[in-house]
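Observations on chain architecture
What follows is each chain in one-letter form.
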Amino acid sequence: MNTSNSESAMTAPGNPGERLRQAREARHWSRAEVALQLHLSEDAVRYIEDGLFDKLPGATFSRGYIRSYAKLLGLDGA
């Protein structure tokens, strides 16, 4: 039904990491697989997905990690 499509669009998560997690899970990829591809630790991938950006090395790195993760998944890095 169209209602569920419009509802899911309106309830899009505010945390970019949540969208990345959903896209990763839709591809049936583990955090370990993503970490290996991005040359990051599994903890870093978890921090991104959980929105714990303060646990990453800095804002510049956080943005770069998010963009790289999005690119890996075929999403817009912006």
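Residues numbered from 1 in each chain as written. Predicted model: local features only at pLDDT ≥ 70, side-chain atom pairs only at ≥ 80, totals over all residues. Heavy atoms only, no water.

**A closer look at the pattern of salt bridges**
A side chain with one charge can pair with a side chain of the opposite charge if their charged atoms come near. What the rule picks out here adds up to seven salt bridges. Notably, a salt bridge pairs Glu-49 with Arg-31, separated by 2.7 Å at the nearest N-O pair. Placement of Glu-49 in helix α4 (residues 42-50) and of Arg-31 in helix α3 (residues 31-38) is noted, with a sequence separation of 18 residues between them. By relative accessible area, Glu-49 is classed as buried at 2%. Residue Asp-43 pairs with Arg-46 through a salt bridge whose shortest N-O separation is 3.3 Å. Here Arg-46 and Asp-43 lie together in helix α4, a separation of three residues that amounts to about one turn. Residue classification places Asp-43 among the partly exposed positions, given a relative accessible area of 39%. (Salt bridge = Lys/Arg side-chain N within 4 Å of Asp/Glu carboxyl O. Helix = DSSP H or I, 4+ residues; strand = E, 2+ residues; numbered from the N terminus. Buried < 20%, exposed > 50% of the residue type's maximum accessible area, 1.4 Å probe, protein only.)

**Some remarks on α4**
Burial in α4 covers these residues: Ala-44, Val-45, Tyr-47, Ile-48 and Glu-49. Tucked inside the fold, the buried residues of α4 contact α2 (16-26), α3 and α5 (59-73). Backbone geometry just downstream of α4 places Gly-51 in the positive-phi region, at approximately 75 degrees. (Contact = heavy atoms within 4.5 Å.)

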